[in-house]
Amino acid sequence: MRLLSFQADHGPGWGVQAGDGVVPSSRLGVDMPASLQAFIERCAQTPGFAQQVAARAAVETATPVRSLTLLPSVPQPGKIVCLGVNYVDHAKEGGNTVADYPALFLRCATSLLAHGAPLRVPAISDKLDYEAELALVIGQRTRFVSEADALQAVFGYAC
């Protein structure tokens, strides 16, 4: 199941992607959480809820994605932890070396862009770097989780 966030007339909304469209959460039942964050939390607390939502979305009429203004996948993430200079070929292109340990850094939610949104180049920059991005969305709180159990905390991903 693919989820999208978008700007609706009444404010931010979310829905389930269905082909070239999206089924807004408002069409998926009265028990549907109002925000994507609340949906992720509910899925962590209610086994099978995501599958129920996917089944509901499969029988609803989708709104064309092109008619929506998209928002970042997860509009208000709790935190964004990034891993830098970890892709060998890209590091070499930039004249960087890959360290023995990955470089971690934080980003703020206001630096996120939606798919297709214009990128503003800061006046102090003379070029932009490109990267492939993959974000894992953690769906539940964890602490001291083992490597074997780590993927159980992953809700999904965004590219």
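This text goes with the structure placed above it.
Described below are features of the structure shown in this document. (Residues numbered from 1 in each chain as written. Predicted model: local features only at pLDDT ≥ 70, side-chain atom pairs only at ≥ 80, totals over all residues. Heavy atoms only, no water.)

**As for the packing of aromatic side chains**
In this description, an aromatic ring pair is defined by two values, namely the gap between the centres and the angle between the planes. Rules: We call Phe, Tyr and Trp rings a pair once their centres come within 6.5 Å, taking the six-membered ring for Trp, and we label the pair stacked below 30 degrees between planes, edge-to-face above 60, and tilted otherwise. Here a strand is any run of E in DSSP of at least two residues, a helix any run of H or I of at least four, and the numbering for each starts at the N terminus. Exposure classes here rest on a 1.4 Å probe applied to the protein chains alone. A residue is buried below 20% of its type maximum, exposed above 50%, and partly exposed in between. Whether a charge sits over a ring comes down to the Lys NZ or Arg CZ being within 6 Å of the ring centre and within 35 degrees of the ring normal.
Across all of its chains, the model carries three aromatic pairs by this definition. Plain terms: the ring middles of Phe39 and Phe155 are 6.1 Å apart, the flat faces sit at 90 degrees to each other, and that makes the pair edge-to-face. Of the two residues, Phe39 is situated in helix α1 (residues 36–45) and Phe155 in strand β9 (residues 154–158); the sequence distance between them amounts to 116 residues. On the basis of relative accessible area, Phe39 is assigned to the buried category, the value being 0%. The exposure class assigned to Phe155 is partly exposed, which follows from its relative accessible area of 29%. Taken together, the aromatic side chains of Trp14, Phe39, Phe49 and Phe155 make up a single cluster linked through ring pairs. Over the ring of Phe49 we find Arg42; its NZ or CZ atom is 4.0 Å from the centre of that ring.

**Looking at the packing of α1 against helix α2 (residues 49–58)**
When two helices pack together, you describe them by how their axes are tilted relative to each other and by the distance separating the axes. Filter applied, for reference: Only the contacting stretch of a helix is used when fitting its axis, a line to C-alpha atoms as for every element, and angles between N-to-C directions run 0 to 180 degrees. Here the angle decides the label: under 35 degrees means roughly parallel, over 145 means roughly antiparallel, 65 to 115 means roughly perpendicular, and every other value means oblique. It only takes one pair of heavy atoms within 4.5 Å for two residues to be counted as in contact.
The N-to-C vectors of α1 and α2 enclose an angle of 125 degrees; their axes lie 8 Å apart at closest approach. Judged by the angle between their axes, α1 and α2 are oblique. Facing Phe39, Arg42 and Cys43 of α1, the residues of α2 in contact are Phe49, Ala50 and Val53.

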